[in-house]
Number of protein chains: 2
Amino acid sequence: MQDLSVNGERLWETIVETGKIGATPEGGITRLTLTDLDREVRDWFAGACKAAGCSVTVDEAGSIFARRAGKDNSRDPIAIGSHLDTQPLGGRFDGIAGVLSGLEILRTLEENGYTTESPLELINWTNEEGSRFSPAMLASGAFSGIYTLDFIYSTRDREGKSFREELERIGYLGEAPVGDHRLAGYFELHIEQGPILESEGLTIGVVTGAQGQLWYELTVTGRASHAGSTPMPVRKDAMLACARITVGVNRIALDHPPAAMSTVGLVEVTPNSRNVIPGRVFFTIDLRDPDEQVLLRMERETDSLVKQTGGESRTEIAMENVLKMMPMKFDETCVNVVRDAAERLGYRHRDMVSGPGHDALYIARVAPAALVFIPCEGGISHSEAESVRPDDLTAGATVLMHAVLEYDRRLAGAR
Amino acid sequence: MQDLSVNGERLWETIVETGKIGATPEGGITRLTLTDLDREVRDWFAGACKAAGCSVTVDEAGSIFARRAGKDNSRDPIAIGSHLDTQPLGGRFDGIAGVLSGLEILRTLEENGYTTESPLELINWTNEEGSRFSPAMLASGAFSGIYTLDFIYSTRDREGKSFREELERIGYLGEAPVGDHRLAGYFELHIEQGPILESEGLTIGVVTGAQGQLWYELTVTGRASHAGSTPMPVRKDAMLACARITVGVNRIALDHPPAAMSTVGLVEVTPNSRNVIPGRVFFTIDLRDPDEQVLLRMERETDSLVKQTGGESRTEIAMENVLKMMPMKFDETCVNVVRDAAERLGYRHRDMVSGPGHDALYIARVAPAALVFIPCEGGISHSEAESVRPDDLTAGATVLMHAVLEYDRRLAGAR
């Protein structure tokens, strides 16, 4: 069974097939969580899992669990998971590659009549992206006990629609209590979303941990007034304050090389008219670093930047921390079975730290977990230009499968 | 007839009545040009003018002309005009005060049986604001021969709807050719939209000319990528470039005291997600100064700022000049009859230069014109907080009426 391998062509076909749901002109996908398009891909996914011999349940957060029986179903399942939701104008692989690789593994085991000792579970987590409902990874966060169900139900998109009403609307408000069962292990495949593997000519990234990240939401309140008759000295320009902070947080990241990163990715100006001084600006800040001390220093520097800018620009600036993830490490055994699988299968690999957040980071708090990276072209992600080589995807899915099977054998042997 | 005065209470009632069309919670109005709300206020206005004894025609740009017969209708009409469209979250007086003062004057003349020598014409110009269709003052610009009908028909809002199709949709695509008749004179009343009159305790601003203004549209093209895995040195962050230019143009205005002004009022970020480096940003720049030389210097400084920023941020920046109005002066006779009326009526007044653009600035190119300012609270405009004292509005309308009547007498005497 060492030579058991996935069907790369079939896997690629599912990428192409589901990529049509929410397809964008430039070859990407816009499939925001809990939209009609999300419902469509969820229906497809549930059907495909049942066809592969799984029983499907949905929890109260809308996450989908496809269970494949093992030899001893009294054991906790070993899970494979990721997400099918995308960014606005996102790519065809972010999250999707992980879920569909899991599906391909279930299909491969089915047609080879391979039954694991422990049951297997393939999971599609709700709202990993966080671009419609913030913060990101809401459902895996709830499963891990980080967020209460009340909290995630109460989050709203920018139009004021709540997570719960949208979940109900698309028919995925499940009955299974969130976090109602334990996972013996959790494995996730994801595209690197960075340039390292490609630039070093490697196929597999063995992720040993993740950098920390901080998300903030800021609202600058100035005073809307006429651009042609309000003297510069008396202006309260909310956009000018936002611009100064945007330049300032960029400086803060540059001041903490080599790994620190900062981004202002979302900006909403009110009233947003060319001859009106903006009276209000809502925007976000994203800070990251693998070193907790550096991250906390950046947090303090951002705080004082915001205070100083509010004073200089005569505006009121409200700043809220909506996500705080400190740097973490994955379970040693899970990381080892991934590295061993890559080694045995002869794929060039390296250990690395994850830049982006992933559901695996949260699940790691309640189960042994690991994360497998594959290269993406130019390191580009969260973009319609996101691209993956079919061979790399096949390699990643194969490594994922053998890591899971080895982990399953070790658990059985350990008993 | 020197003691002829408008009915201030009736004028105020029309402000309150029409203010309900597009009313916002904070006491302002959102009534963008060529929307259903614009249609509603236009229908009300046309009806009110007919009831005041006028014949109403609409030109191909949707501007409404209400004609009141004079003793000698072979003469060119003397016009009063302004606009009924508003900014998003705009105020109840910007433009509206001018049109409704004109209506009040027609009503006053009607009930006093006063007939002018020349016919009078009250005009509601289409799309003065320019916040839905850019540039501003499209219809008065077409009437003045600045814009061709083809050009204004081809302008589109941010949703891609064209000026012409929206004009047709709301039923105001008239048959009168644009600029089909001459105006013997043009008088407009407007709120100052600045703090000078209020701070000096004056009631009337005699506007002798206007500052120049330049409008630009910029599109920054960077590369959308993941905020958590794209190293700072390789980023192409379109928002960072926009922020640097926003801070830079603010500096440019501050470097040209006392009158120079610069504003970045409209910003649209793509994909606009908190954990994605913005790949594209569309934004606007508004530059103003009463001195042509200073304005041209600011233009050159802005050009080099944009070129430099594009290089530093590794982004492509396209910049288009969409409005170029050089400083101008109003007709001496028209300005004098306004000043004389304020003086005779005993209102405290001063000569001043207009900061904002107004339809009068364009009409001044094809007819003798003048502009009357009244104070607004705190100088605030293009804001729901825009506020005017009823007494000041009554005073402005009275000055406007007597200026028009005196101008009418002078024209008759001149013959």
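Residues numbered from 1 in each chain as written. Chains lettered and ligands numbered in written order. Predicted model: local features only at pLDDT ≥ 70, side-chain atom pairs only at ≥ 80, totals over all residues. Heavy atoms only, no water.

A. Examining the relation of the copies chain A and chain B more closely. The transform that puts chain A on chain B rotates by 180 degrees and translates by 0.0 Å along the axis, for an RMSD of 0.1 Å. Expressed as an axis order, the relation between the two copies is that of a two-fold axis. Proximity to the rotation axis, assessed at the C-alpha, singles out A:Ala243 in chain A; its C-alpha lies 2.1 Å from the axis. Taken together, the interface assignments show that 100% of the residues at the interface of chain A recur at the interface of chain B, consistent with an identical surface on both copies. (Least-squares fit on C-alpha atoms with pLDDT ≥ 70 in both. Contact = heavy atoms within 4.5 Å.)

B. Spotlight on the packing of helix 2 (residues 36-51) of chain A against helix 3 (residues 96-111) of chain A. All names here are of chain A. The interhelical angle for the contact between helix 2 and helix 3, taken along N-to-C directions, is 20 degrees, at an axis separation of 10 Å. By the criterion of interaxial angle, the relationship of helix 2 to helix 3 is roughly parallel. For the pair helix 2 and helix 3, the sense of crossing is left-handed. Residues Trp-44, Phe-45, Ala-48 and Cys-49 of helix 2 form the contact with helix 3, whose own contacting residues are Val-99, Leu-100, Leu-103 and Arg-107. Looking at side-chain class alone, the contact of helix 2 with helix 3 contains seven nonpolar, no polar and one charged residues. (Axes fitted to C-alpha atoms, helices over the stretch in contact; angles between N-to-C directions. Helix = DSSP H or I, 4+ residues; strand = E, 2+ residues; numbered from the N terminus. Parallel < 35°, antiparallel > 145°, perpendicular 65-115°, else oblique. Left-handed = near helix turned anticlockwise from the far one by under 90°. Nonpolar A, V, L, I, M, F, W, Y, C, P; charged D, E, K, R; others polar.)

C. Representation of the side chain of A:Glu188 in the model. Residues and elements named next belong to chain A. Along the chain, Glu-188 turns up in strand 5 (residues 185-191). Buried and without a salt bridge, Glu-188 has Arg-288 as its closest oppositely charged side chain, separated by 13 Å. At a separation of 2.8 Å, a polar atom in the side chain of Glu-188 contacts the side chain of Ser-82. Excluding residues that lie within four positions of it along the chain, Glu-188 makes contacts with Gly-81, Ser-82, His-358, Asp-359, Ala-360, Ala-370, Leu-371, Val-372 and Leu-400. (Buried < 20%, exposed > 50% of the residue type's maximum accessible area, 1.4 Å probe, protein only. Lys, Arg positive; Asp, Glu negative; His and termini not counted. Salt bridge = Lys/Arg side-chain N within 4 Å of Asp/Glu carboxyl O. Polar contact = N/O pair within 3.5 Å; in protein donor to acceptor, adjacent residues only side chain to side chain.)

D. Focus on the environment of A:Ile380. Looking at the element boundaries, A:Ile380 is found in the loop between strand 16 (369-374) and helix 12 (390-414). On the basis of relative accessible area, A:Ile380 is assigned to the buried category, the value being 13%. Between the C-alpha atoms of A:Ile380 and A:Asn275, which are 105 residues apart in sequence, the distance is 36 Å. Look past the residues within four positions of A:Ile380 in its chain and what remains in contact with it is A:Ala385, A:Glu386, B:Arg223, B:Ala224 and B:Ser225.

E. Seen up close, helix 1 (residues 8-19) of chain B. Residues and elements named next belong to chain B. With 12 residues, helix 1 ought to run about 16 Å at 1.5 Å a step, and its terminal C-alpha atoms sit 16 Å apart, in line with that. Taken together, the buried positions of helix 1 are occupied by Gly-8, Arg-10, Leu-11, Thr-14, Ile-15, Thr-18 and Gly-19. Taking the backbone nitrogen of Glu-9 as reference, a side-chain oxygen 3.1 Å away marks Asn-7 as the first, capping residue of helix 1. (Expected span 1.5 Å × (residues − 1).)

F. Summary view of helix 2 (residues 36-51) of chain B. Residues and elements named next belong to chain B. A rise of 1.5 Å per residue sets the reference length of helix 2, with its 16 residues, at 22 Å; its end C-alpha atoms lie 23 Å apart and thus fit the reference within 8%. When we look at burial in helix 2, the residues that qualify are Asp-38, Val-41, Arg-42, Trp-44, Phe-45, Ala-46, Ala-48 and Cys-49. Buried residues along helix 2 sit against helix 1, strand 1 (55-58), strand 2 (64-68), helix 3 (96-111) and strand 4 (120-124).

G. How the structure looks around the confidence of the model for chain A. Looking at chain A, pLDDT values average 96 and 99% of them are 70 or higher. For this predicted complex, the interface confidence reaches an ipTM of 0.75, while the overall pTM sits at 0.74. (pLDDT = per-residue confidence, 0-100.)

H. Up close: the interface of chain A and chain B. Taken together, the 65 residues of chain A in the interface contact 65 residues of chain B. Summing both partners gives a buried area of about 5,200 Å² for chain A against chain B, and 59% of it is carried by carbon and sulfur. Counting the surface chain A buries against chain B, the share from its top three residues, A:Met232, A:Arg274 and A:His382, is 16%. With a shortest N-O distance of 2.9 Å, B:Arg274 and A:Glu217 are connected by a salt bridge. Where chain A meets chain B, there are 24 residue pairs in polar contact (both at pLDDT 80 or more). At the level of elements, strand 7 (212-221), strand 8 (225-226), helix 8 (238-254), strand 9 (261-263), strand 10 (267-270), strand 11 (276-277) and strand 12 (280-289) of chain A are the ones that each hand at least two residues to the side of chain A that touches chain B. (Buried area = accessible area lost by both parts, 1.4 Å probe.)

I. Inspection of the pattern of salt bridges at higher detail. As enumerated under the stated definition, the model contains 54 salt bridges over all chains in all. Residues B:Glu299 and B:Lys324 are paired through a salt bridge, measuring 3.3 Å at the closest nitrogen-oxygen approach. One end of the pair, B:Glu299, is in helix 9 (residues 292-312); the other, B:Lys324, is in strand 13 (residues 316-325), and 25 residues separate them in sequence. The shortest N-O distance in the salt bridge between B:Arg409 and B:Glu406 comes to 2.7 Å. Taken together, the residues B:Arg409 and B:Glu406, both in helix 12 (residues 390-414) and three residues apart, mark about one turn of the helix. In the salt-bridge network here, residues are joined through shared partners; they are A:Asp36, A:Arg39, A:Arg132, A:Asp157, A:Glu166 and A:Arg169.

J. Spotlight on the domain arrangement of chain A. Residues and elements named next belong to chain A. Domain annotation of chain A identifies domain 1 (8-211 + 327-414) and domain 2 (212-325). Across the contact, 15 residues belong to domain 1 and 16 residues belong to domain 2. The three residues of domain 1 that bury the most area against domain 2 are Arg-158, Gln-211 and Pro-327, which together make up 53% of that side's buried surface. For the pair domain 1 and domain 2, the interface holds one salt bridge. (Domains from an automatic or database assignment.)

K. View of the state of the cysteines. Throughout the structure, instances matching the rule amount to zero disulfides over all chains. Summary of cysteine pairing: A:Cys54 is not part of a disulfide, and the nearest cysteine sulfur, belonging to A:Cys49, is at 5.5 Å. Residue class for A:Cys54 comes out buried when judged on its relative accessible area of 9%. Sulfur of B:Cys242: no disulfide; nearest cysteine sulfur belongs to A:Cys242 and is 8.0 Å away. With a relative accessible area of 0%, B:Cys242 lands in the buried category. (Disulfide = S-S within 2.5 Å.)

L. Focus on the environment of B:Glu40. Residues and elements named next belong to chain B. Note on placement: Glu-40 falls in helix 2. In this structure Glu-40 comes out as partly exposed when scored by relative accessible area, which is 42%. Placed 18 residues apart in sequence, Glu-40 and Gly-22 show a C-alpha to C-alpha distance of 9.4 Å.

M. Layout of the packing of aromatic side chains. Scanning all chains against the criterion turns up 18 aromatic pairs over all chains. Residues B:Phe187 and B:Tyr407 carry aromatic rings whose centres are separated by 5.3 Å and whose planes lie at 70 degrees to one another, so their mutual orientation is edge-to-face. Taken together, the residues span a long stretch of sequence, with B:Phe187 in strand 5 (residues 185-191) and B:Tyr407 in helix 12 at a distance of 220 residues. Each member of the pair, B:Phe187 as well as B:Tyr407, is classed as buried. One aromatic cluster is present, built from ring pairs that chain together A:Phe65, A:Trp125, A:Phe143 and A:Tyr186. In this structure, A:Arg42 packs its charged tip against the face of A:Tyr172, placed 5.0 Å from the ring centre. (Phe/Tyr/Trp six-rings, centres within 6.5 Å; stacked < 30°, edge-to-face > 60°. Lys NZ or Arg CZ within 6 Å of the ring centre and 35° of its normal.)

N. Structural detail: the environment of A:Glu217. Turning to its location among the elements, A:Glu217 is positioned in strand 7. Counting along the chain gives 68 residues from A:Glu217 to A:Ile285, while the straight-line C-alpha distance between them is 6.6 Å. Setting aside residues up to four positions removed in sequence, A:Glu217 forms contacts with A:Ser134, A:Phe282, A:Phe283, A:Thr284, A:Ala318, A:Met319, A:Glu320, A:Val322 and B:Arg274. Reaching out from A:Glu217, the side chain makes a polar contact with the side chain of B:Arg274 at a distance of 2.9 Å.

O. Region of the structure containing unusual backbone geometry. All names here are of chain A. With omega at 0 degrees, the peptide bond leading from Pro-257 into Pro-258 counts as cis. Tracing the sequence through the fold places Pro-258 in the loop between helix 8 and strand 9. Even without being glycine, Gln-193 reaches a positive phi, approximately 60 degrees. The residue Gln-193 is located in the loop between strand 5 and helix 7 (196-199) in this model. Overall, Gln-193 belongs to the buried group, its relative accessible area being 1%.

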